[in-house]
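What follows is the residue order along each chain.
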Amino acid sequence: MDIACDALIIFAERHAALADSLAAGTDDPLRRSEFERIAAVCRHVPAHAPRDLYEALQYYWFCHLGVITELNGWDAFNPGHLDQHLLPFYRKGLADGTLTPESARELLECFFVKFNNHPAPPKVGVTAAESGTYTDFANINIGGLLADGSDGSNEVSHLLLDIVDEMHLLQPSSNVQVSRKTPDVLLKHALRVVRKGYGFPSLFNADVVVEEQLRQGKTLEDARAGGCSGCVEVGAFGKEAYILTGYFNLPKVLELSLHDGVDPRTGERLGPATGDPPSFATFEDIFRAFETQLRHLIDVKIRGNQIIERLYAAEMPVPFLSVLTDDCIAKGRDYNAGGARYNNTFIQAVGIGTITDSLAAIRRLVLEEQKLALPDLVAALDADFAGNEPLRARLVNRMPKYGNDDDAADDLMVRVFETAFRLIDGRPTVKGGTYRLEMLPTTCHVYFGSVCGATPDGRRGTLPLSEGISPVQGADRRGPTAVFRSAAKMDHVKTGGTLLNMKFSPAILAGEEGIDRLAHLVRSYFRADGHHVQFNVVSADTLRKAKANPEAHRGMIVRVAGYSDYFCDLSEALQDEIITRTEHAGF
């Protein structure tokens, strides 16, 4: 750890020496003074505590570079509640005359540019296929709560939102932590930025974020100081190693359940033998097979995770990150070996909308209406509905669908979620931590769909699954309020994060009336204990034009999952998935 800290100080001193050299080589007095200031700042931080806003930003940036360099160039490492951390420096500078609102804004804009210019890691595999400008998921938290439970927003919160609006860079990501104590003026400021159509900032329920962390055993003060890092996952900033371990394909588990544990794509046995469709007389028989497959595959997933955890603990220490994370020094243990105060490890479940609608269709069509025998439905799925379009249309249009405040579907969503939660939550990791459940896909819902055949909700084989906890694309037909009511039936407090994407027509957010209505909608969802929501404000027609003529729409940014990206850099499959999301044209 000493060596890592010394290395960062030497790194800063090299910057200072270069700035001195550049100062000596210029005849421009203004540029010379800028270089001299850079040199002075880099000699002071990170070796010493920052004294002003400039030094505070530079201090953080050196630490950021230290962490991501140690982690091979990529991690969702972020400054947390940046507005709260910078407020004392901002107010001090204004009071002593060394800072103006304009100069502070310029420093913060430069800070954002540094984030955006930092290269993402080389992309391979699924990531390379699906995203051209993958970010490193640094997510600046705005607003939220202070340690004493009071509102954490301030004048720097609004300054940051202005910068997000003006610069609309892909990174850093930004979110607003909305508590019941957050004033409407901050929420509406955020929504005016959202209305511009960048897909950010995302919105989090700060009160539920605290509840989630309290359930995990954190102190109230640590929970309030925590927030979102990455997409939607939450943790105690600077005190926790919260690790995402990869994604879990829920609809694929149902596919295996309908094929006695055999993958119909490959003929390989992936799960235990749980019976063929003719042996399922009741819905409980089907769900019992699903639960058995789910338990088996979660066990496989966790056994694989434990191998990787041991590898990281033994062979991949991160001494500098361990310096920055509370209790690693006190315990004498590395961040990757359980040294942090809190250690939660997450499995991310994908496709809750698809599996919910699939189970609802089986129960309604096969068992309640008895319009089709289960073996015949499975045969139609295996044929990808070839010659059976009327059946597919019935499944798409006449069955209960999650996202419409319909208990016939939503109760099944809750049941699947609670089953996954029970099989994952609380299981120990090899480094003394605990496994938890999250509900986010990044872009895996596209890949997971490509390895799934047709599903009983009427989805054709290889098409994307539902995204996050969002309804199946186009299945939510009763407006955004119904979507929120369905999503709120999940117990979000049991998760480490849920991701809800929504798409709005720009026209319905016009004027202050549109902002007021959206603010009421968000407040209502958060009163019902929803964890997170984010918005694309763009029409499907505009997206289709951008897909057809990318050069004319090169700057269009859309919300993909837990991040925003340039629409024209996305894969065709991901573009089509975003286009097919329901475009809500009214409240």
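Please refer to the structure placed before this passage.
These notes cover the structure that comes with them.

Right, let's talk about helix H21 (residues 511–527) for a bit. The end-to-end C-alpha distance of H21, which contains 17 residues, comes to 25 Å, matching closely the 24 Å that a straight helix rising 1.5 Å per residue would cover. All of the buried residues along H21 are Gly514, Ile515, Leu518, Ala519, Leu521, Val522, Arg523, Tyr525 and Phe526. As for H21, its buried residues are in contact with strand S2 (173–178), helix H8 (184–194), strand S3 (202–205), helix H20 (480–487), strand S9 (501–504) and strand S10 (532–537).

Attention now moves to the sheet that holds S2. The strands making up a sheet associate through backbone hydrogen bonding, with each pair oriented either parallel or antiparallel. Pairing within the open sheet is mixed, and its six strands lie in the order S1-S2-S3-S10-S9-S13. On the outer flanks of this sheet lie strand S1 (139–143) and strand S13 (583–584), each paired with one strand and no other. Relative to S13, S9 runs parallel, the two sharing two bridges. Residue phenylalanine 504 lies in a different strand from S13, and its bridge partner there is histidine 584.

Our next topic: the nonpolar core. Leu203 and Phe535 are the most contacted members of the largest nonpolar core, which totals 127 residues. Of all the elements, helix H3 (residues 53–70) adds the most residues to this core, at ten residues. Setting aside residues up to four positions removed in sequence, leucine 203 forms contacts with Val176, Val178, Leu187, Ala190, Leu191, Val522, Phe526, His531, His532, Val533 and Phe535. Counting residues in hydrophobic clusters, the runner-up holds 24 residues, among them Val234, Val538, Leu543 and Met556.

With that settled, consider the packing of aromatic side chains. Taken as a whole and assessed by the stated rule, the structure comprises 17 aromatic pairs. The interplanar angle of 90 degrees and the centroid separation of 5.1 Å between the aromatic rings of phenylalanine 111 and phenylalanine 115 together place this pair among those described as edge-to-face. With a gap of four residues between them, phenylalanine 111 and phenylalanine 115 both fall in helix H5 (residues 101–117), about one helical turn apart. Phenylalanine 115 shares its class with phenylalanine 111; the two are buried. Between phenylalanine 504 and phenylalanine 535 the ring centres are 5.3 Å apart and the planes differ by 85 degrees, which places this aromatic pair in the edge-to-face class. Separated by 31 residues along the polypeptide, phenylalanine 504 in strand S9 and phenylalanine 535 in strand S10 bring together distant segments of the chain. The exposure class of phenylalanine 504 is buried, given its relative accessible area of 0%. One aromatic cluster is present, built from ring pairs that chain together Tyr60, Trp61, Phe77, Phe111 and Phe115. Above the plane of the ring of phenylalanine 287 lies arginine 415, whose end atom (NZ or CZ) is 4.0 Å from the centre.

Burial runs high along strand S8 (residues 434–438): five of the five residues are buried. Pairing of strand S7 (residues 342–350) with S8, which is carried by five bridges, proceeds in the parallel orientation. Paired with threonine 345 across the bridge in S8 is tyrosine 435.

Take the sheet that holds S7 next. The three strands lie next to each other as S6-S7-S8, forming an open sheet whose pairing is parallel. For this open sheet the edge positions go to strand S6 (240–249) and S8, each flanked by a neighbour on one side alone. With strand direction ignored, the average angle separating the axes of adjacent strands in the sheet is 25 degrees. Across eight bridges, S6 lies against S7 in parallel orientation. Bridge pairing in S7 places isoleucine 243 opposite threonine 345. Against the sheet, helix H11 (residues 250–257) contacts S6 and S7, and its axis sits at roughly 40 degrees relative to S6. Helix H12 (residues 283–315) rests against S6, S7 and S8 of the sheet, and its axis sits at about 135 degrees to S6.

Here leucine 71 lies in the loop between H3 and helix H4 (82–96). A C-alpha to C-alpha distance of 8.9 Å links leucine 71 and leucine 321, two positions 250 residues apart in sequence. The contact partners of leucine 71, leaving out residues within four places of it in the chain, are Val318 and Leu321.

Looking at where proline 172 falls in the secondary structure, it is placed in the loop between helix H7 (155–167) and S2. The class of proline 172 is buried, set by a relative accessible area of 6%. Separated by 94 residues in the primary sequence, proline 172 and asparagine 78 have C-alpha atoms spaced 8.5 Å apart. Excluding residues within four positions of it along the chain, proline 172 makes contact with Phe112, Phe115, Ala138 and Ile140.

Procedures and definitions
- Residues numbered from 1 in each chain as written.
- Predicted model: local features only at pLDDT ≥ 70, side-chain atom pairs only at ≥ 80, totals over all residues.
- Heavy atoms only, no water.
- Helix = DSSP H or I, 4+ residues; strand = E, 2+ residues; numbered from the N terminus.
- Expected span 1.5 Å × (residues − 1).
- Buried < 20%, exposed > 50% of the residue type's maximum accessible area, 1.4 Å probe, protein only.
- Contact = heavy atoms within 4.5 Å.
- Pairing = 2+ DSSP bridges.
- Core = buried A, V, L, I, M, F, W, Y, C linked by side-chain atoms within 4.5 Å.
- Phe/Tyr/Trp six-rings, centres within 6.5 Å; stacked < 30°, edge-to-face > 60°.
- Lys NZ or Arg CZ within 6 Å of the ring centre and 35° of its normal.
- Axes fitted to C-alpha atoms, helices over the stretch in contact; angles between N-to-C directions.

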